[in-house]
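Read off the chains here:
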Amino acid sequence: MITLFNDNNTINRMKVIAEKIRSLAVSDEFEKTRNQYIVDILKDMILNPEDWDRDCQINIEWIGSQFNKRLDRVSSDSTRENLDDLFSICFRYALEFELNNAPDAQTFFAEMNRFATGNLEIFEGRIKGQIQWALTQMPIAMTKRLLNHEDVAVLKKAEATKQEVEDRIKTWNEQLKSSLDTAMDLAGLLQNFKTGANFVALHQGFKRLRDDKRGELFRARVGMIIMGLGALAPLAAKIVLLFNSPASTTPLQSLLAFLPFLSMSVIFLYFYRVSLMDHKSIKSQLLQLDLRMSLCEFIQSYADYAAEIKTKDKEALTRFEQVVFSGIVAEESKIPAAFDGMEQLANVFNSVKKAGSGG
């Protein structure tokens, strides 16, 4: 913003000129009214220099350098021509100030406007032309200048700018939507990876447990074979001895001699039965572990399907959880205890003892 009135030198000049004009003797009503308008304008410029600088930028740019010159002319020679000239330039500033302010501030300027229009013929030719130009051409020139101002040019481009902004917003929204869709897809993939990793870990846990059970199955099978061989070995040994026994041995003696071997076979046969039941139990557990590992391979698809079909069914995975997370059934109630049948073995020994005493 160009500064003219809010300058100490200008303010001091206006004060001096205002006092000088106020003290001048006048010859008619025209000079009195003209001088009064000049003094009133100068006083308002002195009191509100920032407002006049703000609202008179066009004329400051056009004739700002001439204002102080007109003041100096009146200061040096207060002729009617110089006073009329000062009035014309003050009139131009006042007219622009009037156009840039609200209606309630225009009463004084409207009166000044009527004075200039009504007394136009009294002013000298050059000054008369200046006032006529200010009344008729200056508003048009100001309007043209404002319309060509860069700020107005921006307003002219507002529609194009608006369309450009809308296009950019649309593009940004599409890019944002695309980014959000990509983010959601990635989130879904990450969730699938996480879920898959969880089931892989569960599958690995079952696999480690299955490997342990396979070791137990191998040991149970070896023990079962040993017990089976142990049950057959005493009988085979006794049969061999029978064929090699002396001819004088009586059948009763042979039977009594056979009973200890038979007892050993019965004991081994009992433990063979225990090993067999343990072997079957471990095989059953391995079957359950294989089933759980198989379920882990399709449970994610099953869970998605169940969630889609039964969104409000809280027990959609109940059967799966009962199978996967239930304990491994060993059927221990069906496995004979280590001392089951000892009572029967004791009865056999008692019978043998009684038979020996009777012989």
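On a predicted model such as this, the values are computed, not experimentally measured, just so you know. (Residues numbered from 1 in each chain as written. Predicted model: local features only at pLDDT ≥ 70, side-chain atom pairs only at ≥ 80, totals over all residues. Heavy atoms only, no water.)

Draft legend 1. Seen up close, the nonpolar core. Ranked by internal contacts, the top residues of the largest apolar core, which has 44 residues, are Phe5, Leu42, Trp52, Phe67, Phe87 and Tyr93. Broken down by secondary-structure element, the contributors of at least two residues to this core are α1 (8-23), α2 (29-47), α4 (57-76), α5 (80-99), α6 (107-118), α7 (125-136) and α8 (138-147). The biggest single contributor to this core is α5, with 10 residues. (Core = buried A, V, L, I, M, F, W, Y, C linked by side-chain atoms within 4.5 Å. Buried < 20%, exposed > 50% of the residue type's maximum accessible area, 1.4 Å probe, protein only. Helix = DSSP H or I, 4+ residues; strand = E, 2+ residues; numbered from the N terminus.)

Draft legend 2. Focus on empty space enclosed by the protein. Summed over the entire model, instances satisfying the criterion amount to 1 cavity of 30 Å³ or more. In this model, the largest cavity occupies a volume close to 30 Å³. Around the largest cavity, the lining residues are Phe91, Ala94, Leu95, Glu98, Phe109, Met112 and Asn113. Counting residues per element, the ones that place at least two in the lining of the largest cavity are α5 and α6. In terms of residue count, the dominant contributor to the lining of the largest cavity is α5 (4 residues). (1 Å grid on protein atoms, 1.4 Å probe; cavity = no way out; pocket = protein on both sides within 12 Å on 5 of 7 lines; lining within 4 Å. Points joined across faces, edges and corners; volume = space filled by probe spheres on them.)

Draft legend 3. Highlighting the pattern of salt bridges. By the definition in use, this model includes 16 salt bridges. A salt bridge links arginine 22 to glutamate 19, with the nearest nitrogen and oxygen atoms 2.8 Å apart. Here arginine 22 and its partner glutamate 19 are both found in helix α1, 3 residues apart, which amounts to about one turn of the helix. Relative accessible area serves as the criterion here: at 43%, arginine 22 is assigned to the partly exposed category. Between arginine 168 and glutamate 164 there is a salt bridge, and its shortest N-O distance comes to 2.9 Å. Of this pair, arginine 168 and glutamate 164 both sit in helix α10 (residues 158-243), 4 residues apart, which is roughly one turn of that helix. Members of the salt-bridge network, linked through shared partners, are Arg70, Arg73, Glu81, Asp85 and Arg126. (Salt bridge = Lys/Arg side-chain N within 4 Å of Asp/Glu carboxyl O.)

Draft legend 4. Structural view of the packing of aromatic side chains. As enumerated under the stated definition, the model contains 15 aromatic pairs in all. When the ring of phenylalanine 67 is compared with that of tyrosine 93, the centres are 5.7 Å apart and the planes differ by 90°; the resulting orientation is edge-to-face. Remark: tyrosine 93 occurs in helix α5 and phenylalanine 67 occurs in helix α4; sequence separation between them is 26 residues. For the pair shown, phenylalanine 67 and tyrosine 93 are each scored as buried. The structure contains a cluster of three or more aromatic residues connected by ring pairs, namely Phe5, Trp52, Phe67, Tyr93, Phe97 and Phe109. (Phe/Tyr/Trp six-rings, centres within 6.5 Å; stacked < 30°, edge-to-face > 60°.)

Draft legend 5. Just the packing of α1 against α4, in detail. Running from N to C, α1 and α4 point in directions that differ by 40°, and their axes come no closer than 10 Å. Taken as axis vectors, α1 and α4 run oblique relative to one another. α1 and α4 meet at a crossing whose hand is left-handed. Between α1, through Thr10, Arg13, Met14, Ile17, Lys20 and Ile21, and α4, the contact on the second element is made entirely by Phe67, Asn68, Leu71, Asp72, Val74, Ser75 and Ser76. (Axes fitted to C-alpha atoms, helices over the stretch in contact; angles between N-to-C directions. Parallel < 35°, antiparallel > 145°, perpendicular 65-115°, else oblique. Left-handed = near helix turned anticlockwise from the far one by under 90°. Contact = heavy atoms within 4.5 Å.)

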